[in-house]
Amino acid sequence: MKNNQKFLALKVDVDTYRGTKEGVPQLVELFKKHQAQATFYFSLGPDQTGRALKRVFRPGFFSKVSRTSVLKHYGLKTILYGTLLPAPHIARKCAHIMRETLASGFEVGIHTYNHIKWQDYVCNKDFEWTKKELELAAAEFTLVFKDMAKTHAAAGWQINDHAIKIENSLMRLEYSSDTRGTSPFLPVIENKLINCPQLPTTLPTLDELIGVNGIDESNVADYILDLTAATAATATQVYTLHAELEGMRFKPILEKLLIGWKKQNHNLVSLKTIYNHLIQNQCKLPHHQITMGEISGRSGKVAMQGPVI
Ligand SMILES: [Zn+2]
């Protein structure tokens, strides 16, 4: 890979059983067709998405896309998981799909054990709770892949200080992508440098954009391509997509993005490629705090690349 080519990493958050079963294989095919690399972050425990889908994506997002689209995206079953129907255990039911994703040449990592539980509670939980959830996810990952996970991407960009420390200590991850920001950095927690780089998501997501400021399904790809056209040649971008959205109903939008990004001379890579590039070039990463902040188009706060320290 040449230094003058721009990197754009594709980070796939896989939140649900249906997204794993139906969205992931479609994304694998689409990425192969366009010779794009990507990192798939899997939810490995029970899918309790149920009525809490609105907490996975921006509240109001589905009503803006169209009132019936929640059913179109997810089907009735997903809406009922963890409510009227028992929650399917994603790693147990979809291990073959996860392994095929790796066998197809894609990087895999941990998104979470239980998406809804993590997203709703992690910010206020203690060390023991956090360690247990991460251990559950890591154990399932190892069962599926017969290998330790090297990377983690926090569900809903929700994280706490314990998790950031555990990623580096107990989990021995190479790097993580738990945050929103502008460029790779090393986190500092309570004045202590954590030697597990964060490769933050740098671009807005579809559910943050659609339904806001006149952006809809027909023009959202052009909007994102305008953003990436303006990036410097040395910049690294991370785009987070969802198996449930871009792997299903929004696949045509993603295909338009992939074609557009290649025209803009972006290398479509996994996060591991960005990490390797940083290591090979002995890049000295800046040290940043992680703060909770607001992102346009998303309600609530998410973990962000905070001030330099
Ligand atoms: Zn997620």
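One can find the structure itself at the top, above this paragraph.
Residues numbered from 1 in each chain as written. Predicted model: local features only at pLDDT ≥ 70, side-chain atom pairs only at ≥ 80, totals over all residues. Heavy atoms only, no water.

**Considerations on the overall build of the protein chain**
- Within the protein chain one finds 12 helices and 11 strands.
- Sequence separation of at least 24 residues holds for 75% of the intrachain contacts in the protein chain that already meet a minimum separation of 6.
- A total accessible area of about 13,200 Å² is found for the protein chain, and carbon and sulfur atoms account for 53% of it. (Helix = DSSP H or I, 4+ residues; strand = E, 2+ residues; numbered from the N terminus. Contact = heavy atoms within 4.5 Å. Areas by Shrake-Rupley, 256 points an atom, 1.4 Å probe, with all protein chains shown as cover.)

**Topic: the coordination of the zinc ion**
- For the zinc ion, the protein coordination sphere consists of Asp15 (OD), His111 (NE2) and His115 (NE2), at 2.1 to 2.2 Å.
- One chain supplies every donor to the zinc ion, and in sequence these donors are spaced D-x95-H-x3-H. Take His111 and His115: they sit in the same class, and that class is buried. (Donors = N, O, S within 2.8 Å, 3.2 Å for Na, K, Ca; no water. Buried < 20%, exposed > 50% of the residue type's maximum accessible area, 1.4 Å probe, protein only.)

**Describing the pairing of strand β11 (residues 302-308)**
- Counted residue by residue, β11 has 5 buried out of 7 residues, so it is predominantly covered.
- Across 5 bridges, strand β10 (residues 287-293) lies against β11 in antiparallel orientation. By the bridge assignment, Thr291 is partnered in β11 with Met304. (Pairing = 2+ DSSP bridges.)

**Quick word on the pattern of salt bridges**
- Throughout the structure, instances matching the rule amount to 15 salt bridges.
- Ionic pairing is found between Lys150 and Asp147, a salt bridge with its closest N-O pair at 3.9 Å.
- Under the relative-accessibility criterion, Asp147 is labelled partly exposed at 41%.
- Linking Arg298 and Asp207 is a salt bridge whose minimum nitrogen-to-oxygen distance equals 3.2 Å. On the criterion of sequence distance, the pair formed by Arg298 in the loop between β10 and β11 and Asp207 in helix α9 (residues 206-209) is long-range, its members being 91 residues apart. (Salt bridge = Lys/Arg side-chain N within 4 Å of Asp/Glu carboxyl O.)

**Some details on the nonpolar core**
- Residues Leu10, Phe31, Phe40, Tyr239 and Trp261 are the most contacted members of the largest nonpolar core, which totals 73 residues.
- Each residue touching Leu10, except ones within four places of it in the same chain, is listed here: Phe31, Ala36, Gln37, Ala38, Thr39, Tyr239, Leu241, Leu258, Trp261, Leu268, Val269 and Leu271.
- Leu186, Val238, Leu271 and Ile274 belong to the second largest nonpolar core, which has 14 residues in total. (Core = buried A, V, L, I, M, F, W, Y, C linked by side-chain atoms within 4.5 Å.)

**Description of the sheet that holds strand β7 (residues 192-193)**
- Pairing is mixed across the open sheet formed by 4 strands, whose spatial order is β7-β6-β10-β11. In this open sheet, the two strands that pair with only one neighbour each are β7 and β11.

**Concerning the packing of helix α1 (residues 17-33) against helix α5 (residues 90-103)**
- At their nearest, the axes of α1 and α5 sit 9 Å apart, and the two run at 10° to each other. The orientation of α1 relative to α5 falls into the category roughly parallel. Residue-level inspection shows Tyr17, Thr20, Lys21, Val24, Pro25 and Val28 of α1 in contact with α5, the latter providing Ile90, Lys93, Cys94, Ile97, Met98 and Thr101.
- Counted by class, the contact of α1 with α5 contains 8 nonpolar, 2 polar and 2 charged residues. (Axes fitted to C-alpha atoms, helices over the stretch in contact; angles between N-to-C directions. Parallel < 35°, antiparallel > 145°, perpendicular 65-115°, else oblique. Nonpolar A, V, L, I, M, F, W, Y, C, P; charged D, E, K, R; others polar.)

**A few points about α5**
- Under the 1.5 Å per step criterion, the end-to-end length of α5 is 19 Å for 14 residues, consistent within 8% with the ideal 20 Å.
- Largest kink in α5: about 50°, centred on His96.
- Taken as a whole, α5 has its buried residues at Ile90, Ala91, Cys94, Ala95, Ile97, Met98 and Thr101.
- The inward-facing, buried residues of α5 abut α1, β2 (39-43), β3 (107-112) and α7 (127-145).
- Just downstream of α5 lies Gly105, where phi reads positive at about 100°. (Expected span 1.5 Å × (residues − 1). Bend = angle between axes of the 7 residues up to and from the residue.)

**Quick notes on the packing of aromatic side chains**
- Throughout the structure, instances matching the rule amount to 9 aromatic pairs.
- An angle of 75° between the planes, with centres 5.6 Å apart, marks the rings of Phe40 and Phe106 as edge-to-face. Separated by 66 residues along the polypeptide, Phe40 in strand β2 and Phe106 in the loop between α5 and β3 bring together distant segments of the chain. The pair formed by Phe40 and Phe106 is uniform in burial state, with each residue classed as buried.
- The positively charged end of Lys125 is found above the aromatic ring belonging to Tyr121, 5.7 Å away from the centroid.
- Geometry around Trp157 places Arg180 over its ring, the cationic atom sitting 4.4 Å from the centre. (Phe/Tyr/Trp six-rings, centres within 6.5 Å; stacked < 30°, edge-to-face > 60°. Lys NZ or Arg CZ within 6 Å of the ring centre and 35° of its normal.)

**Looking at the packing of α1 against helix α11 (residues 251-263)**
- At a minimum axis separation of 11 Å, α1 and α11 run at an interaxial angle of 25°. Comparing their axes, α11 and α1 come out roughly parallel. Once α1 is placed against α11, the crossing between them reads as right-handed. Contact residues: α1 offers Gln26, Leu27, Leu30, Phe31 and Lys33, while α11 offers Lys251, Leu254, Glu255 and Leu258.
- Residue composition of the contact of α1 with α11, grouped by class: 5 nonpolar, 1 polar and 3 charged. (Left-handed = near helix turned anticlockwise from the far one by under 90°.)

**Points about the environment of Gly247**
- When you line up the elements, Gly247 lands in the loop between β8 (236-242) and α11.
- Since its relative accessible area comes to 0%, Gly247 is described here as buried.
- Along the backbone, Gly247 and Val28 are 219 residues apart, and their C-alpha atoms lie at a distance of 8.9 Å.
- Once you skip the residues sitting within four places of it in the chain, Gly247 turns out to touch Glu22, Gly23, Gln26, Leu27 and His242.

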